[in-house]
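Residues per chain are reported as follows:
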Amino acid sequence: LNVEDLSPQQFAALNPRQLSALTEEQASNISGEQFARLSASQLSGLQAKVIKELEVGVLATLAANSAKGLKPEHIAEMSGSQIKELPNHALTVLSSTQLVSLDVSEMEVSQISALQPKQIMSLKPEQIQSMDASLLAEFSLAQVQGMKPAQIAVLSEAQLQALGLN
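Everything in this summary refers to the structure shown in the same document.

**What to know about the overall build of the protein chain**
Check the secondary structure of the protein chain and you find 18 helices and zero strands. In terms of its C-alpha atoms, the protein chain occupies a principal-axis envelope of roughly 60 × 20 × 20 Å. By residue count, 41% of the 166 residues in the protein chain fall in the buried class. Considering only contacts within the protein chain whose residues lie at least 6 apart along the sequence, 68% involve residues at least 24 apart. Of the roughly 7,700 Å² that the protein chain leaves accessible, carbon and sulfur atoms contribute 50%. Within the protein chain, one finds 10 positive and 17 negative side-chain charges whose respective centroids are separated by 11 Å.

The structure is reproduced here in C-alpha cells:
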C-alpha cells in the first residue's frame, strides 16, 4: 500500500484493522491532510511505533474529537517535537489516562495554559517536577489551586517560586 498515493478521503476510508497493519515506513508518508481525517476509533487502531514515525507537522492537524483515540502508548512514543505540535484544542480533551503518558516537560507555554485544572491535577508528581520553572510560571491561579499536595511536595524552591507558593 502506497499511502502517499491515497487521497485524504481514501485514507479516511481505511478501517482500524487496515490502519493497524501500516508499517513505520508507510507512516512516514502519511500527510497532514490524511491524518486530519482519521476518527478516534481509526486513530486508536494505529500501532504506537507508527505514531513515532509521523513527520513533523502531521500531529498539528489532530482534531479534538480524534485525540480521544490516542492510546497512552501512542503518547509515550511521541518525540519532543511531536508533543510541541499537538494543537491546544486536542490537548484539552485528553483524559487523565492519556495525560500520564505525556512528557509535559516538552510542552510549549500555550499548551500548558490550555490544560484544564482537572488535567493538571491528574498529572503524576514527577511530571510536574519535570517542568521548567518558566513553564510552571504560566500556570493559571485555577491550575495552581487544583494541584495536589503530592505534586507540590516534589517541587524545587525555584519551581515553588514560579508558582508563587513560597
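This is not the end of the story, as more comes after the structure.
**Observations regarding the environment of Ala12**
Its location among the elements puts Ala12 in helix 1 (residues 8-12). Judged by its relative accessible area of 23%, Ala12 is partly exposed. It is 8.8 Å that separates the C-alpha atoms of Ala12 and Ala36, two residues lying 24 residues apart in sequence. Filtering out sequence-adjacent residues up to four positions away, Ala12 remains in contact with Arg37 and Gln42.

**Re the pattern of salt bridges**
Inspection of the entire model under this criterion finds three salt bridges. For Lys49, the salt bridge identified is with Glu24, shortest N-O distance 3.9 Å. Of this pair, Lys49 sits in helix 6 (residues 48-52) while Glu24 is found in helix 3 (residues 24-27), placing the two residues 25 residues apart along the sequence. The partner of Lys52 in a salt bridge is Glu77, and the shortest N-O contact between them spans 3.7 Å. Of this pair, Lys52 sits in helix 6 while Glu77 sits in helix 8 (residues 72-77); the two residues are 25 residues apart in sequence, bridging distant segments of the chain. Given the relative accessible area of 46%, Lys52 is considered partly exposed. Glu77 gets classed as partly exposed once you look at its relative accessible area, which sits at 31%.

**Brief notes about the nonpolar core**
Among the nonpolar cores identified, the biggest contains 45 residues, and Phe11, Phe35, Leu46, Leu102, Ile128, Met131 and Phe139 are the most heavily contacted of them. If you list the elements that add at least two residues to this core, you get helix 6, helix 10 (88-91), helix 15 (133-136) and helix 18 (157-163). Ile128 has contacts with Ile120, Leu123, Leu136, Phe139, Met147, Gln151, Leu155 and Gln159, leaving out every residue within four places of it along the chain.

**Topic: the side chain of Gln82**
Tracing the backbone shows Gln82 in helix 9 (residues 80-84). At a separation of 2.9 Å, a polar atom in the side chain of Gln82 contacts the main-chain carbonyl oxygen of Ile51.

Cut-offs used in this document
- Residues numbered from 1 in each chain as written.
- Predicted model: local features only at pLDDT ≥ 70, side-chain atom pairs only at ≥ 80, totals over all residues.
- Heavy atoms only, no water.
- Helix = DSSP H or I, 4+ residues; strand = E, 2+ residues; numbered from the N terminus.
- Buried < 20%, exposed > 50% of the residue type's maximum accessible area, 1.4 Å probe, protein only.
- Contact = heavy atoms within 4.5 Å.
- Areas by Shrake-Rupley, 256 points an atom, 1.4 Å probe, with all protein chains shown as cover.
- Lys, Arg positive; Asp, Glu negative; His and termini not counted.
- Charge placed at Lys NZ, Arg CZ, Asp CG, Glu CD.
- Salt bridge = Lys/Arg side-chain N within 4 Å of Asp/Glu carboxyl O.
- Core = buried A, V, L, I, M, F, W, Y, C linked by side-chain atoms within 4.5 Å.
- Polar contact = N/O pair within 3.5 Å; in protein donor to acceptor, adjacent residues only side chain to side chain.

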